[in-house]
Protein chains: 2
Amino acid sequence: MKPETRKEEIIRVAAKLFKEKGYSAVTMRDLAKAMGIKAASLYNHINSKQDILNAIIINLAEEFTAGMKLVQSSGENCIGKLNRIIELHVRISSQNIYGMASLNNDWMHLEEKLDYYQRLRIDYEDDFRAILKQGITSGEIVDVNPEVMMFSILTTLRSLYLWIPKKEELNLEELSNTLNQILIKGINK
Amino acid sequence: MKPETRKEEIIRVAAKLFKEKGYSAVTMRDLAKAMGIKAASLYNHINSKQDILNAIIINLAEEFTAGMKLVQSSGENCIGKLNRIIELHVRISSQNIYGMASLNNDWMHLEEKLDYYQRLRIDYEDDFRAILKQGITSGEIVDVNPEVMMFSILTTLRSLYLWIPKKEELNLEELSNTLNQILIKGINK
DNA sequence: CAAATAAACTAACACTTGTTAGTTTAATCT
DNA sequence: AGATTAAACTAACAAGTGTTAGTTTATTTG
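Criteria and cut-off values
- Here the residue numbering is sequential within each chain, running from 1 through the sequence in written order.
- Whichever chain is written first becomes A and whichever ligand is written first becomes 1, with later ones labelled in order.
- Local features in this predicted model are restricted to residues of pLDDT 70 or higher, and side-chain atom pairs are both shown and tallied only at a pLDDT of 80 or more, whereas totals for entire chains, interfaces and linings draw on every residue.
- For side-chain calculations, the full set of non-hydrogen atoms in the structure is used, while hydrogens and water are omitted.
- One heavy atom suffices: a residue is near a molecule or strand as soon as one of its heavy atoms comes within 4 Å of it.
- The definition of a polar contact used here is a pair of N or O atoms within 3.5 Å, where within protein one atom must be able to donate a hydrogen and the other to accept one, and adjacent residues in sequence count solely through side-chain atom pairs.
- Any residue outside Ala, Val, Leu, Ile, Met, Phe, Trp, Tyr, Cys, Pro, Asp, Glu, Lys and Arg is labelled polar, Gly included; the first ten of those are nonpolar and the last four are charged.
- Relative accessibility decides the category of a residue: with a 1.4 Å probe and only protein chains considered, values under 20% of the type maximum give buried, values over 50% give exposed, and everything between is partly exposed.
- Helix and strand definitions follow DSSP, with helices as H or I runs of at least four residues and strands as E runs of at least two, each counted in order from the N terminus.
- Throughout, the arc means the angular range of directions from the helix axis out to the C-beta atoms.
- We place the copies in one frame by least squares, fitting the C-alpha atoms of every residue whose pLDDT is at least 70 in both.
- Contacts between residues were defined by any pair of non-hydrogen atoms, one from each residue, lying within 4.5 Å.
- Here the quantity called buried area is the accessible surface, traced with a 1.4 Å probe, that two parts lose on coming together, added over both.
- For this analysis, a salt bridge means a side-chain nitrogen from Lys or Arg found within 4 Å of a carboxyl oxygen belonging to Asp or Glu.

Trainee: Give me the lowdown on the protein's contact with DNA strand D, citing residues and values where you can.
Mentor: Around DNA strand D, the surrounding shell holds 16 residues, and the nearest of these are K38, N44 and H45 of chain A together with T27 and Y43 of chain B. Within the backbone of K38 of chain A, one N or O atom sits 2.5 Å away from a phosphate oxygen of DNA strand D. K49 of chain B places a polar main-chain atom, nitrogen or oxygen, 2.9 Å from a phosphate oxygen of DNA strand D. Residue composition of the surface near DNA strand D, grouped by class: six nonpolar, five polar and five charged.

Trainee: Report on helix α2 (residues 28-35) of chain B, specifying residues and quantitative values.
Mentor: Residues and elements named next belong to chain B. Three or more residues of α2 are buried, namely M28, L31, A32 and M35. Here the buried residues of α2 occupy an arc of 100° about the axis, which is enough to place them on one side. More than 90 degrees from the buried face of α2, the exposed residues found are R29 and K33. G36 sits one or two residues past α2 and shows a positive phi near 80°.

Trainee: Talk me through the relation of the copies chain A and chain B; I want residue IDs and the actual numbers.
Mentor: If you rotate chain A by 180° and push it 0.0 Å along the axis, it lands on chain B with an RMSD of 0.0 Å. Such a combination of rotation and displacement between the chain copies is what one expects of a two-fold axis. A shared binding surface is used by both copies, with 100% of the interface residues of chain A retained as interface residues in chain B.

Trainee: Can you tell me about the interface of chain A and chain B, naming the residues and giving the values?
Mentor: Tallying the contact residues gives 32 residues for chain A and 32 residues for chain B. Of the roughly 2500 Å² buried at the junction of chain A and chain B (both faces included), carbon and sulfur atoms supply 70%. At the surface where chain A touches chain B, the tally comes to zero salt bridges. Counting only elements with at least two residues in the side of chain A that touches chain B, the list comes to α1 (6-21), α7 (146-158), α8 (160-163) and α9 (172-184) of chain A. A total of seven residues in the side of chain A that touches chain B trace back to one element, the largest contributor, which is α7 of chain A. Residues belonging to the side of chain A that touches chain B are distributed by class as follows: 15 nonpolar, 11 polar and six charged.

In structure tokens form, the structure reads like this:
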């Protein structure tokens, strides 16, 4: 593990502040104070406030996309793929508690990167939906509206960051298993 | 139905803008432009930007609290109460698509009303948890970690506002039924 | 018609915003 | 030791912020 650069440190601290107050409510002076320096000094390391948000969100979105591609090529059946998607979200969310807040709540402030983010998001949902539909066709899962199924599962998974920090006693493997029971058993035939 | 006052109209339009960009990113000049007047004119009707947010969030939070009290006194069994809670969220969310965004994403900017809001929220979750635990004790629902169950169900219900507007073809009763199948069948014995 | 009221307006305020320019300090390389 | 570089600093900017004061306009009421 190479040590964190100053730029990475700024982005990490920014993500924490963005989670607490949202991107728009965090000023560069707030961020500087949290770093123990003056606002102008931040610009030795980053180009703009906007670039910090871009880095946080796009890195995460690409990580989810890469994870989905692995799931698709895993050769598992539908239920197995859904299990893997749950594990994917549990892992990324637990490693990026702060960044996930920006991904969920501040993506609309992306500006130049907005179109690219939305493309990744739509593709991810298309891939997810395809897995569900294939599972319905093959008779693996119950024939319920796949949009509602996807919404229910994805919303829960996308909000894990809100909840994981409150439950230190629960280990992540146990969390994956419990979510699997709750989210998947209800649609498994 | 009495006609909407100018103040109510401002709050309604503000909620819409808050959903699109978040409370902090919406300026009083943005709101005025959306109303077709100048920013200063808003103050003939409202006391402050803060008061608009308070009105949006606290009204909704109290509506949820009142709904939960009705569910508690309904005399239904655990599964029946959970069904009613789903219907409660579907109803309130579909009637307050914009306000629900503020409730979920901008509650941290409440200031004076923050403690009161958090009290309502904690009480609501305590009531919800009590229903689940009682269901586990009575053998009505599966013995899975009730925290994870509650998180999964509540997160989905709290995010309905994101999704209802995209699915005009799905009527609300059908939505309640489908959610009931997905969220509850997985924990029903 | 006169008076009262609701609701808009213009102008301005004190403060905060992201960012730039230029400079100083301390550590690292040759 | 001298040169380079990383990373902080002070000072300032132009624009935007929520809000207030005082005024005008149009509608409603007595």
